[in-house]
Amino acid sequence: MIFRSVTEAGHLNFCLLPSTHHIFLQSHMAQLVDQAIDKAGPVFIAVAVLLIDMCALAYYFVVFPYSHQWSEASFFGKLCIILIFVFTVYMVYCIHFHYYMAIKTHPGTMAEICSKDLDRPSGSTMPENEVQVHEVLLDMEEYSDCPKTCKKCHLPKPERAHHCSVCNQCIMRFDHHCPWIHNCVGHYNHRYFVLFMTYLVVSAAYFVAFGWRPFVVSLDLITSDWPYYFPRPLMAFSMILAICMGIAIGALCVWHYYLIFTAQTTVEFYNNYYDKKQCKRQGEVFINMYDFGFKENARRFFNVCEQFPWYTILYPIPIPPRGNGRVFEKCEEFYLLPKSRQREQIEMQHEVQDLEDIKDI
C-alpha cells in the first residue's frame, strides 16, 4: 500500500512537472515578447514617419506637378491649384499632428491620478466651473460599490480599465497596445488614434486616385523620360505602399468606427460577444450599459456634445475626451433592468478584470 501510494505520488509529480514547466516557459516567452515590443517602439515610430513622409514627398515632387500644370492653367485653374495645395498640406499636417498626439498623450492610469493627488497642496480646491455634477454623482455611484483593486498594480481599478502587459499598468478604457505609437490606446488618446487613421486612409486614397498615371510612367524604364527629382523606384514603391496602407489601416479604421458607434473597446467587444451568447441561451436580451445609440456614441467619443462643436473634429488642436476615465454614464435601458440583472452585468465585468489579473489579455 505504501509502495503504491508512493508510486502514484511519483507518477502525479511526473505528470504535473511538465505542465508547470510549460506554463512557466509560456509566461516567460510572453514577457520576452512584451519587452521586445516595448523596446522596439521607437523603431516602429521612426519607420512609420519615414514611410508616411516618403509618400508625401512622392506626391509633392511627382504627383502634384504631373497632375497640375501651373504654366498652362487659367486664372481659375491656378486658384484651384492653390486650393488643392492648401488642402493637401492640411491633410499632411493633420496626419502628423494626430500621430504625434496619439504618441505623446498618456492614455490614462490610476498611478498618474494618484501621483497628482499626492502632489496637490493640502487645502487646495478645484474651481467650481471645472466640477461636473454628473461626474460627481457617477463617482459616488462607483465608489459606493467598493471599487476593485488590481492585483498587479495594487491600485484602484476603474470600470473599463484593463491591465496592459507591455506597459505593466492598468489603462483607463483600454483598447489595445499599439507598437506603432509606442503607447496604449486608451481613454485620453483614443480620439487622436482614430483621427490619425482617418486622415491617413483618406490621404492614401487621394494619393492613389491622382498618382496612378505617374506610377505607370515610373514603371516604363525604357521609353519614357523622367523629369522629376524623385527617383522612379521610390515613386513606384510609394504607390504600392499607399495601396497597402490604405487597405490595412482602412480595415482597422472601419473596425474602430464600428466600436465607436456601438460604444465598445476591442477588449469589450469579445467580452460582450460571449455575454450575448450566454443571454441568448438563457432567453434574455443583452444590454450594453454604455450604448446610447450610434449618433450619441460618436458625439461622446469625439467629445462634440457640449463644450466643443462638431466641426472641431476637423481642427488639428488638442481636445480632451469626455469624462474622467474612471467612471462612465450608463444608458437608460440599463437602469430599466431589474437590480439583480444590473448587478450581474457589473459582476461579469469585474470577473473579466479578475481574469486579466491572473493572465494578461
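Residues numbered from 1 in each chain as written. Predicted model: local features only at pLDDT ≥ 70, side-chain atom pairs only at ≥ 80, totals over all residues. Heavy atoms only, no water.

The subject of this paragraph is the overall build of the chain. Looking only at helices and strands, the chain has 11 helices and 6 strands in total. Going through the 361 residues of the chain one by one, you find that 40% of them count as buried. When contacts within the chain are restricted to residue pairs at least 6 apart in sequence, long-range pairs at least 24 apart make up 70% of them. Approximately 21,500 Å² of the chain is accessible, and the part contributed by carbon and sulfur atoms is 67%. (Helix = DSSP H or I, 4+ residues; strand = E, 2+ residues; numbered from the N terminus. Buried < 20%, exposed > 50% of the residue type's maximum accessible area, 1.4 Å probe, protein only. Contact = heavy atoms within 4.5 Å. Areas by Shrake-Rupley, 256 points an atom, 1.4 Å probe, with all protein chains shown as cover.)

Next up on the list: helix α2 (residues 41–67). Here α2 contains 27 residues, and its C-alpha end-to-end distance of 37 Å stays within 8% of the 39 Å for a straight helix at 1.5 Å per residue. At Tyr 59, α2 shows its largest kink, close to 40°. Along α2, the residues classified as buried are Gly 41, Ile 45, Ala 48, Ile 52, Met 54, Cys 55, Ala 56, Ala 58, Tyr 59, Val 62, Val 63 and Phe 64. (Expected span 1.5 Å × (residues − 1). Bend = angle between axes of the 7 residues up to and from the residue.)

So, on to the packing of aromatic side chains. Within a pair of aromatic rings, the relevant descriptors are the distance that separates the centres and the angle that separates the planes. Across all of its chains, the model carries 25 aromatic pairs by this definition. With a centroid separation of 5.3 Å and an interplanar angle of 80°, the aromatic rings of Phe 269 and Tyr 270 are classed as edge-to-face. Aromatic rings pair up to connect Tyr 59, Tyr 60, Phe 64, Phe 85, Phe 87, Tyr 206 and Phe 210 into one cluster. Lying over the aromatic face of Phe 328, Arg 160 brings its terminal NZ or CZ to 4.9 Å of the ring centre. The cationic tip of Arg 300 hangs over the ring face of Phe 292; the distance from NZ or CZ to the ring centre is 3.9 Å. (Phe/Tyr/Trp six-rings, centres within 6.5 Å; stacked < 30°, edge-to-face > 60°. Lys NZ or Arg CZ within 6 Å of the ring centre and 35° of its normal.)

This part is about a nonpolar patch on the surface. On the surface, a cluster of nonpolar side chains totalling about 450 Å² of accessible area is made up of Trp 70, Ile 82, Phe 85, Val 86 and Val 89. Structurally, Ile 82 can be placed in helix α3 (residues 75–104). (Patch = residues over 30% accessible without salt bridge, like charges linked within 9 Å, V, L, I, M, F, W, Y side chains within 5 Å. Salt bridge = Lys/Arg side-chain N within 4 Å of Asp/Glu carboxyl O.)

A few words now on the confidence of the model for the chain. Of the residues in the chain, 78% have a pLDDT of 70 or more, and the chain-wide mean is 81. In the model, residues 1–18 has pLDDT below 50 throughout and makes 0 contacts with residues more than four positions away in sequence or in other chains. Of the regions scoring below 50 in pLDDT, residues 120–133 engages in 2 contacts with residues more than four places distant in sequence or in other chains. (pLDDT = per-residue confidence, 0-100.)

It is worth spelling out the pattern of salt bridges at this point. Here the structure, examined in full by the defined rule, presents 7 salt bridges. Here Arg 160 ties to Glu 268 by a salt bridge, and the two come within 2.7 Å at their closest N and O atoms. Of this pair, Arg 160 sits in the loop between β2 (156–157) and β3 (162–164) while Glu 268 is found in helix α8 (residues 266–281), placing the two residues 108 residues apart along the sequence. Neither Arg 160 nor Glu 268 differs from the other in exposure class; each is buried. Members of the salt-bridge network, linked through shared partners, are Glu 296, Arg 299, Arg 300, Arg 322 and Glu 329.

Another aspect to go through is the packing of α2 against α3. Contact geometry for α2 and α3: axes closest at 12 Å, N-to-C directions at 180°. As far as their axial angle goes, α3 and α2 are roughly antiparallel. Here Phe 44, Ile 45, Ala 48, Val 49, Ile 52, Asp 53, Tyr 59, Tyr 60 and Phe 64 of α2 come into contact with α3, specifically with Ile 81, Ile 84, Phe 85, Thr 88, Val 89, Val 92, Ile 95, His 96, Tyr 99 and Ile 103. Looking at the contact of α2 with α3, its residues break down into 16 nonpolar, 2 polar and 1 charged. (Axes fitted to C-alpha atoms, helices over the stretch in contact; angles between N-to-C directions. Parallel < 35°, antiparallel > 145°, perpendicular 65-115°, else oblique. Nonpolar A, V, L, I, M, F, W, Y, C, P; charged D, E, K, R; others polar.)

Okay, the nonpolar core next. With 49 residues, the main nonpolar core has Tyr 99, Ile 181, Phe 193, Phe 196, Phe 207, Met 235 and Phe 302 as its most contacted residues. If you list the elements that add at least two residues to this core, you get α2, α3, α6 (190–219), α7 (232–261) and α9 (294–302). No other element matches the 11 residues that α6 contributes to this core. Residues in contact with Phe 193, not counting those within four places in the same chain, are Ala 102, His 176, Cys 178, Ile 181, Val 185, Leu 252 and His 256. If you look at the next biggest cluster of nonpolar residues, it comprises 9 residues, including Ala 263, Ile 287, Phe 334 and Leu 337. (Core = buried A, V, L, I, M, F, W, Y, C linked by side-chain atoms within 4.5 Å.)

Right, let's talk about the packing of α3 against α6 for a bit. For the pair α3 and α6, the least separation of the axes is 8 Å and the interaxial angle reads 145°. In this structure, α3 meets α6 at a crossing whose hand is left-handed. From α3, Ile 84, Phe 87, Thr 88, Tyr 90, Met 91, Cys 94, Ile 95, His 98, Tyr 99, Met 101 and Ala 102 reach across to α6, where they touch Tyr 192, Phe 193, Leu 195, Phe 196, Tyr 199, Leu 200, Val 202, Ser 203 and Tyr 206. (Left-handed = near helix turned anticlockwise from the far one by under 90°.)

On to the environment of Pro 309. Tracing the chain through its elements places Pro 309 in the loop between α9 and α10 (332–336). Among the residues examined, Pro 309 registers a relative accessible area of 31% and is labelled partly exposed. In sequence terms Pro 309 and Arg 299 are 10 residues apart; their C-alpha atoms lie 9.6 Å from each other.

Residue placement: Asn 324 occurs in the loop between α9 and α10. Asn 324 sits in the buried class, given a relative accessible area of 9%. A distance of 3.3 Å separates a polar side-chain atom of Asn 324 from the backbone nitrogen of Val 327. (Polar contact = N/O pair within 3.5 Å; in protein donor to acceptor, adjacent residues only side chain to side chain.)

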